[in-house]
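# Residue-level structure breakdown
In case you want the letters, here they are:
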Amino acid sequence: MANVIKLRKGLDITLEGKAEEKKIQLKSNGKFALVPDDFEGVTPKVVVKEGDHVKAGDALFINKQYPEVKFASPVSGTVREVVRGERRKVLSVRVDADEQQEFTDFGKKDVSKLVGEQVINALLEAGIFGYINQLPYAVSTNPSVKPRAIFVSALRDKPLACNFEYEVDGQEADFQTGIDALSKIASVYLGVGVGSKLENTKNAEVCVWDGKCPAGNVGVQVNNTAPVNKGEVVWTIGDPTVVLFIGRLFNTGKVDLRRTVALCGSEIKNPAHVDMLVGEELSTLLSNSYDAQKSVRIINGNVLTGRPTTKDGFLGAHTSEITVIPEGNDADEMLGWILPRFKQFSVNRSYFSWLCGKKSYALDAYHRW
């Protein structure tokens, strides 16, 4: 039976524009980019040149600190550009996708017959290992240091978050394979929400988290189950789609970085879900999805931890939501905060909106709590 842990502190912010549990079909424009800043603590070294042809799964860059850690191209195609910023910092590696996709074949593997070192080597070879983080944060994950445990959070509780229960539907076998593979490296702790269908996942200690945001934060889960002591190392996966990436690799022998993304926010006309590849350009997704005449904030991720982006941006490596909310720079309120507000959210009872019970709010990027 799963261990239930109840958290009393936290805050759920209910925003307008939650994505319906339906998927829209999009035709990609074939433009992709892998962004090194999406990976914690990585200093990239580009291993391709403009004009090179790569297959899906081939390395685009490596981590200078640990050169064996590669980062795979999500598609096959031609390297269009290596974009650099100040002091020649690598901002992204852009790839124009082929019409007919080719995949590097890493070979199907029976996880039950592998040991931990073989699992790590397989992830390194396929350029997926870099999606695993390490505690303490802000450092790259060292593949040669055995972790005390691996923590996976399958509970997304940020505002307008893409429900992982919806994403994993029909892919339970890949998820289980991913957990099986991780369990060969170290003990796995899997965090899920109340009533999750993943409670019966094998080869993991399942913890059910009952509480408000940030109950789904993997760092919070580590601290409330098995805190990290001085000198210890644990690996974390706060993005459960990474477990699907790992499972697909062993089940198919190919790198498949497809993920379900919620197109959400109060400015989106028809909030829904869509399947996209890591690094896919957002222009197709955002075309005609909101009123272009309005001043809006496009966020690569959720409103709390996401990064501002534009239509010409690319889907982040760990992004499960593209959120569009009002910018708020055109608001002109008489008397400002003094007004007795009924339509503004507050964490305390400063506004009269607390009298309205539970409701959703259309907050802007300039909102003050």
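For the structure itself, look to the data block above.
Position numbers for residues start from 1 in each chain and track the written sequence from start to end. Local features in a predicted model are, by the rule used here, given only for residues with pLDDT of at least 70; side-chain atom pairs are given and counted only at 80 or more, and totals for whole chains, interfaces and linings are based on all residues. Heavy atoms throughout the structure, all of them, feed into the side-chain values; hydrogens and water do not.

Here the focus is the environment of Ala226. With respect to the secondary-structure elements, Ala226 resides in the loop between helix H4 (218-225) and strand E13 (234-237). The class of Ala226 is buried, set by a relative accessible area of 14%. With 77 residues separating them in the primary sequence, Ala226 and Ala149 have C-alpha atoms 9.1 Å apart. Secondary structure elements follow DSSP: runs of H or I of four or more residues count as helices, runs of E of two or more count as strands, with numbering from the N terminus. Here's how the labels work: a residue is buried when its accessible area is under 20% of the maximum for its type, exposed when over 50%, partly exposed in between, all with a 1.4 Å probe on protein chains only.

With that settled, the discussion passes to empty space enclosed by the protein. We place a 1 Å grid over just the protein atoms. Points where a 1.4 Å probe fits but has no way out form a cavity, open points with protein on both sides within 12 Å along at least 5 of 7 lines form a pocket, and any residue with an atom within 4 Å of a point lines it. Grid points are joined across faces, edges and corners, and a volume is the space filled by probe spheres set on the points. Taken as a whole and judged by the stated rule, the model has 2 cavities of 30 Å³ or more. The space that makes up the largest cavity amounts to roughly 70 Å³. What lines the largest cavity is a set of 13 residues, among which Val42, Gly130, Ile132, Ser140 and Thr141 lie closest to the centre. For this scheme, ten residues count as nonpolar: Ala, Val, Leu, Ile, Met, Phe, Trp, Tyr, Cys and Pro. Four count as charged, namely Asp, Glu, Lys and Arg, and the remainder, Gly too, count as polar. Classifying every residue of the lining of the largest cavity by side-chain character gives 7 nonpolar, 5 polar and 1 charged. Approximately 30 Å³ is the volume found for the second largest cavity. As for the second largest cavity, its lining consists of Leu15, Glu16, Leu160, Gly265, Ser266, Ile325, Tyr361, Ala362 and Leu363. Of the residues contributing to the lining of the second largest cavity, the split by class is 6 nonpolar, 2 polar and 1 charged.

Next up on the list: unusual backbone geometry. Cis geometry is adopted by the peptide bond preceding Pro136, which originates at Leu135 and carries an omega value of 5°. Mapped onto the elements, Pro136 comes out in the loop between strand E9 (133-135) and strand E10 (149-153). In this structure, the amide linkage connecting Cys213 to the following residue, Pro214, adopts the cis form with an omega of 20°. Even without being glycine, Arg87 reaches a positive phi, approximately 55°.

Summarising the element assignment, Glu267 is placed in the loop between strand E14 (258-264) and strand E15 (272-277). Note on definitions: a residue-residue contact is assigned when non-hydrogen atoms from the two residues lie within 4.5 Å. Residue contacts for Glu267: discarding those within four places in its chain leaves Ser289, Tyr290, Lys294, Val296, Val324, Ile325 and Pro326.

Ranked by size, the top nonpolar core spans 64 residues in total, and within it Tyr131, Val152, Phe175, Leu182 and Phe250 carry the most contacts. For this core, the element with the most residues is helix H5 (residues 241-252), which contributes 7 residues. Those residues within four positions of Phe175 in sequence are excluded, and the remaining contacts are Phe164, Val168, Leu190, Leu198, Thr201, Pro240, Val243 and Leu244. With 14 residues, the next largest nonpolar core counts Val261, Met276, Leu315 and Ile322 among its residues. In this text, buried Ala, Val, Leu, Ile, Met, Phe, Trp, Tyr and Cys residues form a nonpolar core when linked through side-chain atoms within 4.5 Å.

All of the buried residues in helix H1 (residues 116-126) are Gly116, Val119, Ile120, Ala122, Leu123, Leu124 and Ala126. Against the buried residues of H1 lie strand E6 (70-72), helix H3 (172-183), E13 and H5. Of the residues one or two after H1, Gly127 is the one with positive phi, at around 75°.

A few words now on the sheet that holds strand E2 (residues 31-34). In space, the 4 strands of this open sheet follow the order E2-E8-E7-E4, with antiparallel pairing throughout. Each edge of the open sheet carries a strand with a single partner, namely E2 and strand E4 (53-54). Relative to strand E7 (residues 77-84), E4 runs antiparallel, the two being bridged by 2 bridges. When the bridges of E7 are listed, Val54 appears paired with Gly77. The pairing criterion for strands is at least two bridges between them, as found by DSSP.

Here we come to the pattern of salt bridges. We define a salt bridge as a side-chain nitrogen of Lys or Arg found within 4 Å of a carboxyl oxygen belonging to Asp or Glu. Counted under the stated rule, the structure contains 15 salt bridges. Note that Arg307 and Asp38 form a salt bridge whose closest N and O atoms lie 3.7 Å from each other. Taken as a pair, Arg307 in strand E17 (residues 307-309) and Asp38 in the loop between E2 and strand E3 (44-46) lie far apart in primary sequence, 269 residues in all. Linking Arg258 and Asp256 is a salt bridge whose minimum nitrogen-to-oxygen distance equals 2.8 Å. Accessibility expressed as a relative area gives 31% for Arg258, which makes it partly exposed. Residues joined by salt bridges that share partners form a network here, namely Arg156, Glu167, Asp239 and Arg259.

Our next topic: the pairing of strand E16 (residues 296-300). Buried residues dominate E16, accounting for 4 of its 5 residues. Here E16 runs beside strand E18 (residues 321-326); their pairing, made up of 5 bridges, is antiparallel. Looking at the pairing, Ile298 lines up with Val324 of E18. Alignment of E16 against E17, held across 3 bridges, turns out to be antiparallel. Its bridge partner being in E17, Ile298 is matched across the sheet by Thr309. The turn joining E16 and E17, which pair antiparallel and follow one another in sequence, is formed by 6 residues; a positive phi near 125° is taken by Gly301.

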